[in-house]
Amino acid sequence: MDEIDRRIINALQTGFPISERPYLEAAQALGLSERELLERLETLLQEQTLSRFGPLYDAEAMGGALTLAAMRVPEERFEEVAGIVNGFQEVAHNYARRHTLNMWFVLATETPEQLRDTLDEIERRTGLTVYDMPKITEYFVGLKLEA
Amino acid sequence: MLDARDFELLAAIQLGLPISPRPYRDIGLALGMTETEVIARLTVLKRIGLIKRLGVIVKHRQLGYRANAMIVWNIPDAFVKEIGRRISQAPFVTLCYQRPRTLEWPYNLYCMIHGKDRDTVLQQLEQLGADCNLDRFDRQILFSRRCFKQRGALYRTPEPAAPAELAHG
């Protein structure tokens, strides 16, 4: 990844035109040719620097449900429990964190009822308490990570 | 209101836009829509917020963001909305949520700071504490140790599936 790739990533995290020639417009704003922008995006996707070039949906507006859940997993059972949790397709992210609550994961399901069922099933299969921490309010953040 | 064709369109682009000079025409060809219709529908979907944004979705760890902290505070209910709003305005804060307390976990305000090194994140946190007068509240800092799994959550819309993604760790 070079300086131009960084500029592309930084600029196109905040928006992409919805117009007939969106890559041309975006390229012009960056001082690049349309062809160069297309080629570089292709490469960044192939190298998996980008997970996607496209839309980020509002999952809840689409009818889906999300929650954040945490567990206190005994160190000696960590790998086993991570395997169980990750095996659920509803688990979108799972992170180990430094705390007594040491496993934190995000669940995403098509309906709110499925969330509850999945949390219950994780408790049943692991024998551990799952703390459900659904969001009450999401504060607007212009999520952008400088490349 | 949204109709079936909007959902078809959302499903068609969920994993990405074509990397080609006329991407909206190409999408339309696959769906039997004109380029004009695709552009008009996407403009509305974006305006109403169903599409939060359009563009590059990065893998933050690939970009070197490995010092990622979730910070949780116990803020009195009367102040939590105001403080949440202020925290979310800091340029280095990447997510900010109010969540319910539980008996064992008294924290009700969560934010993420994604950083490339731990010292920078801790400095930013200190600055946040000073700017938002947070030092009087109990808090915990949870750096991520390992990422086991990270993918865009795939949603089945009436037709299949829309990704939503949160950079949590």
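What counts and what doesn't
- Every chain begins its residue count from 1, and numbering advances along the sequence as written.
- Labels follow written order: the first chain is A, the first ligand is 1, and so on.
- Thresholds applied to this predicted model are a pLDDT of at least 70 for local features of residues and 80 or more for the giving and counting of side-chain atom pairs; totals over whole chains, interfaces and linings are not thresholded and use all residues.
- Values reported for side chains reflect all heavy atoms of the structure, with hydrogen atoms and water molecules removed beforehand.
- Helix and strand labels come from DSSP, where a helix needs a run of H or I of at least four residues and a strand needs a run of E of at least two; each type is numbered from the N terminus.
- This radius of gyration counts C-alpha atoms alone. The globule rule is 2.2 Å times how many residues there are, raised to the power 0.38.
- Only heavy atoms matter for contacts: two residues are in contact if any of them lie within 4.5 Å across the pair.
- Side-chain rings of Phe, Tyr and Trp, where Trp is taken by its six-membered ring, are said to pair if the distance between their centres is within 6.5 Å; with planes under 30 degrees apart they count as stacked, over 60 as edge-to-face, and otherwise as tilted.
- Type-normalised accessible area, obtained with a 1.4 Å probe on protein chains alone, sets the label of each residue: buried when under 20%, exposed when over 50%, and partly exposed for intermediate values.
- Either the NZ atom of lysine or the CZ atom of arginine qualifies as a charge over a ring when it sits within 6 Å of the ring centre and within 35 degrees of the ring normal.
- DSSP bridges decide pairing: two strands pair if at least two such bridges lie between them.
- Note: domain ranges come from an automatic or database domain assignment.
- Between Lys or Arg on one side and Asp or Glu on the other, a salt bridge is scored when a side-chain nitrogen of the former is within 4 Å of a carboxyl oxygen of the latter.
- Polar contact is the term for a pair of N or O atoms within 3.5 Å; when the atoms are in protein, one must be able to donate a hydrogen and the other to accept it, and sequence-neighboring residues count only if both atoms are side-chain atoms.
- All residues other than Ala, Val, Leu, Ile, Met, Phe, Trp, Tyr, Cys, Pro, Asp, Glu, Lys and Arg, Gly among them, are scored as polar; the first ten of these are nonpolar and the last four charged.
- UniProt positions are given in the numbering used here, feature names are shortened, and annotations may be inferred rather than shown by experiment.

Here we come to the overall build of chain A. Secondary structure summary: chain A contains 5 helices and 6 strands in total. Ordered by position in the sequence, the α and β elements of chain A form the string α-α-α-β-β-α-β-β-α-β-β. Relative to the globule expectation of 15 Å for 147 residues, the C-alpha radius of gyration of chain A, 20 Å, shows a markedly less compact shape. C-alpha extents for chain A along the principal axes are approximately 55 × 35 × 25 Å. Considering only contacts in chain A between residues 6 or more positions apart, those separated by 24 or more positions represent 61%.

Now for the packing of aromatic side chains. Evaluation of the coordinates by the stated rule reveals 6 aromatic pairs over all chains. Measuring from ring centre to ring centre gives 4.9 Å for Phe16(A) and Tyr23(A), while their planes differ by 55°; the resulting arrangement is tilted. A residue is classified by how much of its surface remains accessible, and Tyr23(A), at 0% relative accessible area, is buried. Relative to Tyr107(B), the ring of Trp105(B) lies with its centre 4.8 Å away and its plane at 70°, an arrangement referred to as edge-to-face. Considered together, Trp105(B) and Tyr107(B) belong to a single accessibility category, that of buried residues. Between Arg99(B) and the ring centre of Tyr97(B), over which it is positioned, the NZ or CZ distance is 4.6 Å. For the cation-ring pair, Arg118(B) lies above Phe143(B), with the distance from its terminal atom to the ring centre recorded as 3.9 Å.

Quick look at the pairing of strand β2 (residues 65-71) of chain A now. Residues and elements named next belong to chain A. Most of β2 is tucked away: 6 of the 7 residues are buried. Here 7 bridges tie β2 to strand β4 (residues 103-109), and the two strands are oriented antiparallel to one another. Residue pairing in the sheet places Met71 in a bridge with Met103 of β4. The sheet contact formed by β2 and strand β5 (residues 130-133) spans 4 bridges and is antiparallel. Looking at the pairing, Ala69 lines up with Asp132 of β5.

Right, let's talk about the domain arrangement of chain A for a bit. Under the domain assignment used here, chain A contains domain 1 (3-47) and domain 2 (60-134). Each of domain 1 of chain A and domain 2 of chain A has a C-alpha centre, and these two points are 36 Å apart.

A separate point is the interface of chain B and chain A. If you look at the interface, chain B gives 82 residues, while chain A gives 76 residues. The interface formed by chain B and chain A includes 3 salt bridges. A salt bridge links Arg145(B) to Glu75(A), with the nearest nitrogen and oxygen atoms 3.9 Å apart. In this assembly, chain B and chain A are joined by 25 residue pairs in polar contact (both at pLDDT 80 or more). In terms of residues, the side of chain B that touches chain A owes the most to one element, strand β5 (residues 139-150) of chain B, which gives 11 residues. Taken together, the residues of the side of chain B that touches chain A sort by class into 41 nonpolar, 22 polar and 19 charged. The sheet contact formed by strand β1 (residues 50-57) of chain A and strand β1 (residues 51-58) of chain B spans 7 bridges and is antiparallel.

The next subject is the UniProt feature "domain: Siroheme decarboxylase NirL-like HTH" (unreviewed entry) in chain B. Those residues carrying the UniProt feature "domain: Siroheme decarboxylase NirL-like HTH" (unreviewed entry) are residues 8-51 of chain B in this numbering. The distance from the first to the last C-alpha atom of residues 8-51 of chain B is 14 Å, and the span holds 64% helix and 2% strand.

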